[in-house]
Amino acid sequence: TLTAMGHSSALVATALGAGLTIAQSAPAYGLTLAWALAACADGMTKRIPARSSVEEETLSKAASVQRKLCLAGSAICAAAAAYAGVI
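Here we take up a nonpolar patch on the surface. A cluster of nonpolar side chains, namely Val12, Leu16, Leu20 and Tyr29, defines an oily patch on the protein surface of about 380 Å² accessible area. Per-element tally for the nonpolar patch: the top contributor is helix H1 (residues 2-24), with three residues. The topology assignment puts Leu16 in helix H1.

Note that soluble globular proteins tend to have their nonpolar side chains buried in a common cluster. Formed by Ala10, Ala13, Ala34, Leu37, Ala41, Cys70 and Cys77, the largest nonpolar core amounts to seven residues. Breaking this core down by element, the ones donating at least two residues are H1, helix H2 (27-47) and helix H3 (54-86). The leading source of residues in this core is H2, at three residues.

Here H3 contains 33 residues, and its C-alpha end-to-end distance of 48 Å stays within 8% of the 48 Å for a straight helix at 1.5 Å per residue. Every buried residue of H3 is listed here: Ser60, Ala62, Ala63, Gln66, Cys70, Gly73, Ser74, Cys77, Ala80, Ala81 and Ala84.

Moving on, we come to the packing of H1 against H3. Axis separation between H1 and H3 bottoms out at 8 Å; the angle between their running directions is 5 degrees. The angle between H1 and H3 places the two elements in the roughly parallel class. Packed against H1, whose contacting residues are Thr3, Gly6, His7, Ser9, Ala10, Leu11, Ala13, Thr14, Gly17, Ala18, Thr21 and Ile22, the element H3 presents Ala62, Val65, Gln66, Leu69, Cys70, Gly73, Ile76, Cys77, Ala80, Ala81, Tyr83 and Ala84 at the interface.

About the thresholds
Residues numbered from 1 in each chain as written. Predicted model: local features only at pLDDT ≥ 70, side-chain atom pairs only at ≥ 80, totals over all residues. Heavy atoms only, no water. Patch = residues over 30% accessible without salt bridge, like charges linked within 9 Å, V, L, I, M, F, W, Y side chains within 5 Å. Areas by Shrake-Rupley, 256 points an atom, 1.4 Å probe, with all protein chains shown as cover. Salt bridge = Lys/Arg side-chain N within 4 Å of Asp/Glu carboxyl O. Helix = DSSP H or I, 4+ residues; strand = E, 2+ residues; numbered from the N terminus. Core = buried A, V, L, I, M, F, W, Y, C linked by side-chain atoms within 4.5 Å. Buried < 20%, exposed > 50% of the residue type's maximum accessible area, 1.4 Å probe, protein only. Expected span 1.5 Å × (residues − 1). Axes fitted to C-alpha atoms, helices over the stretch in contact; angles between N-to-C directions. Parallel < 35°, antiparallel > 145°, perpendicular 65-115°, else oblique. Contact = heavy atoms within 4.5 Å.

Put into structure tokens, the structure is as follows:
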């Protein structure tokens, strides 16, 4: 479904960002994806509906999960960039 695609895109972006950053020893990759995932997380904050119906409740939960995935991915990519900058 659309929710699964959204969640998997955040996971794939995190894996690719961290992997490329460490493999290429290039912090710019990780920092760019960390910024993009942080922007996605910020966008999810604005998309969480008011929960006035069953559908909005479901969408709210999905948006909350997506926001957390994006924030975690951003932190992982930033950590990978810091690691690549040190080694």
